[in-house]
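Reading the structure
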Amino acid sequence: MIKVGSRDSRLAVVQAEEVCRALGDCELVTMKTTGDMVLDKTLDQVGGKGLFVKELDRALAQGRIDLAVHSLKDVPMEQPAGLPLIAYTRRADARDALVLPQGGTWDKAKPIGCASARRRVQLAALFPEIAVKPVRGNVQTRLQKLDSGEYGALVLAAAGLHRLGLQDRITRYFSPDELLPAAGQGILAVQGRAGELEDAARLLDDADARVCALAERAFIRTLGGGCFAPVAAYAEAEGAYLHLRGLYVTADERTVVRGAVTGRREQAASLGRSLALQLRTQAEGMV
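Structurally, L23 can be placed in helix α1 (residues 10–23). In this structure, the C-alpha to C-alpha distance between L23 and R136, residues 113 residues apart in sequence, is 32 Å. In this structure L23 touches I2, V4, L67, A200, L203 and L204, once residues within four positions along its chain are discounted.

This is the structure we're talking about:
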């Protein structure tokens, strides 16, 4: 029986159960991570989203679990030696979504709650008259904060809301032209030990999701961006080709540049790197 590890949040469990259904014979093992326990600080103050995977990395290395399931957008750009990402599941809706208080209207005197610099920078351009404030906690905790009046609206990943059956809370979806998604958003990453469970990896892996993930993560890695840097990348596979869009923000957040590139899908990583270098050069020329 394959032991599949997951964070113990409701969304993480739902995602791991999705992988277990595809595998068939498996046991779900849940654990609380440091990122789940430290909720009084923003992620960039406590070490970034890597805090959501360290305990799972340790359990995988020690053999207490055989596979770990992560939201790809939460996975650091580099994996520990011997613990590669072995599969990328079919991508769910990658868009961000606007959520308003239950049964209420949008009070624009209150801040928009979001959990990333990527969203904050883009929301400031879309809604310059509305404050943007960090929000921590799982999806249900964030919704409670919204419904209690702490925020006027939230921006959350559509994929997570759909997986939790909370799609009725979505007021509107943001197109990638409005809010470019985080690299890997909507994709589940399955991590394992090198050279093991190769049949399971082939069963879970989606070819389109894989090339999109490789392009998006190469873009972020080239820019030196971590999980809380205000950069974004979103790829779409179409036949033999891959279309990649990217967002780069200078350190002072005064210059924001967007761009796109199209190439053959087997060049996914090089497309990500070339677009990153192109946008960084463009931004430096504007400063």
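Counting along an α-helix, one turn takes 3.6 residues, and residues three or four places apart therefore face a common direction. Those residues of helix α4 (residues 54–61) that fall on the buried side of the exposure criterion are E55, L56, D57, A59 and L60. G63 occupies a position one or two residues after α4 and carries a positive phi of about 80°.

Turning our attention to the environment of T89. Within the secondary structure, T89 is located in the loop between β4 (85–88) and β5 (96–99). By relative accessible area, which is 7% here, T89 ends up buried. Along the chain, T89 and D25 lie 64 residues apart, while their C-alpha atoms are 18 Å from each other. When residues no more than four places from it in sequence are discounted, the contact partners of T89 are V19, I187, L188, V190, L204, D206 and A209.

Moving on: the confidence of the model for the protein. In the predicted model, the protein carries a mean pLDDT of 91, and 92% of its residues have values of at least 70. Of the regions scoring below 50 in pLDDT, residues 36–48 engages in 21 contacts with residues more than four places distant in sequence or in other chains.

Now for the sheet that holds strand β7 (residues 132–134). Taken together, the five strands give an open sheet; going across it, the order is β7-β6-β8-β5-β9, and neighbouring strands pair in mixed fashion. Looking at strand neighbours, the two that pair on one side only are β7 and β9 (170–174), the edges of this open sheet. Averaged over neighbouring strand pairs, the angle between their axes works out to 30° when direction is ignored. Sheet topology places β5 next to strand β8 (residues 153–157); four bridges connect them, and they run antiparallel. Among the inter-strand pairings, D96 is bridged to a residue of β8, identified as A157. Against the sheet, helix α6 (residues 139–147) makes contact with β5 and β8, and its axis sits at roughly 165° relative to β8, the strand it touches most.

Reading guide: rules and limits
- Along each chain, the written sequence defines residue order, and numbers are assigned to residues from 1.
- Under the rules for a predicted model, residues below a pLDDT of 70 receive no local features and side-chain atom pairs below 80 are neither given nor counted, while totals for whole chains, interfaces and linings still include all residues.
- Here the side-chain values reflect all heavy atoms present in the structure, with hydrogen atoms and water set aside.
- Helix and strand assignments come from DSSP, with helices taken as H or I runs of at least 4 residues and strands as E runs of at least 2, each series counted from the N terminus.
- Contacts between residues were defined by any pair of non-hydrogen atoms, one from each residue, lying within 4.5 Å.
- Three exposure classes are used, based on accessible area relative to the maximum for each residue type with a 1.4 Å probe and protein chains only: buried under 20%, partly exposed in between, and exposed over 50%.
- A residue's pLDDT is simply how confident the predictor is in it, with values from 0 to 100.
- A pair of strands is considered paired only if DSSP assigns at least 2 bridges between the two.
- Axis lines are fitted through C-alpha atoms, for helices just across the contact stretch, and the angle between N-to-C directions can take any value from 0 to 180 degrees.

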